[in-house]
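# A closer look at the structure
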Amino acid sequence: HIQYLKDSSIVCSFSSSSAVSALQIHPHLQEFVCTAHADGTWRLWNSNKQIQLLQQHGHTSALTSLALQCDGSLLASSDKGALIKLWDLRIGKHI
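Rules of the game
Residues numbered from 1 in each chain as written. Predicted model: local features only at pLDDT ≥ 70, side-chain atom pairs only at ≥ 80, totals over all residues. Heavy atoms only, no water. Helix = DSSP H or I, 4+ residues; strand = E, 2+ residues; numbered from the N terminus. Buried < 20%, exposed > 50% of the residue type's maximum accessible area, 1.4 Å probe, protein only. Areas by Shrake-Rupley, 256 points an atom, 1.4 Å probe, with all protein chains shown as cover. Contact = heavy atoms within 4.5 Å. Salt bridge = Lys/Arg side-chain N within 4 Å of Asp/Glu carboxyl O. Pairing = 2+ DSSP bridges. pLDDT = per-residue confidence, 0-100.

A tally of helices and strands in the protein chain yields zero helices and ten strands. Listing the helices and strands of the protein chain from first to last along the sequence gives β-β-β-β-β-β-β-β-β-β. Counting across all 95 residues of the protein chain, residues that qualify as buried make up 43%. Looking at the protein chain as shown, the accessible area adds up to about 5400 Å², and 52% of this sits on carbon and sulfur atoms.

Moving on, we get to the environment of Ser18. Residue placement: Ser18 occurs in the loop between β2 (9-14) and β3 (20-25). Along the backbone, Ser18 and Gly40 are 22 residues apart, and their C-alpha atoms lie at a distance of 10.0 Å. Those residues within four positions of Ser18 in sequence are excluded, and the remaining contacts are His37, Ala38, Asp39 and Arg43.

A word on the pattern of salt bridges. One pass over the full model with this rule turns up two salt bridges. Between Arg43 and Asp39 there is a salt bridge, and its shortest N-O distance comes to 3.3 Å. By relative accessible area, Arg43 is classed as buried at 5%. The closest approach of N and O atoms between Asp88 and Arg90, which form a salt bridge, is 2.9 Å. Relative accessible area serves as the criterion here: at 10%, Asp88 is assigned to the buried category.

The next thing to look at is the pairing of strand β9 (residues 84-88). The sheet contact formed by strand β8 (residues 74-79) and β9 spans five bridges and is antiparallel. Within β9, the position partnered with Leu75 by the bridge is Trp87. Turn length for the β8-β9 hairpin, with the two strands adjacent in sequence and antiparallel, is four residues, and the turn residue Ala82 shows positive phi of about 70 degrees. Summarising the sheet, β9 and strand β10 (residues 93-94) pair through two bridges and their orientation is antiparallel. Looking at β10, one finds that Trp87 is bridged to His94. Joining the antiparallel neighbours β9 and β10 is a turn of four residues, in which Gly92 adopts a positive phi near 70 degrees.

Further remarks concern the confidence of the model for the protein chain. Low-confidence regions, as indicated by low pLDDT, have predicted coordinates that should not be scrutinised in detail. Counting all residues, the mean pLDDT for the protein chain is 83, and 82% of those residues have values of 70 or more. By mean pLDDT, the top-scoring element of the protein chain is β9 (95), and the lowest-scoring one is β2 (56).

Right under this line is the structure:
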């Protein structure tokens, strides 16, 4: 179960079957949350509806970090093997 707190209040809460290693909240639409996972996947969630919108398998080792572009359209993911990938969230694909 994942909970993000801000000022001691729960901002978002949802369940995931895989261990979460990093979390990024969309800079403008805070109901959209990206999580990095030990299984090499990242997932995009709508925390208001508590549903997973997208899951991508693009790494062969555990993810270590995520970074969203200022406008929230691009996501960078990195893994334990130092591989960095860039994703277009508008189409849900690696670029």
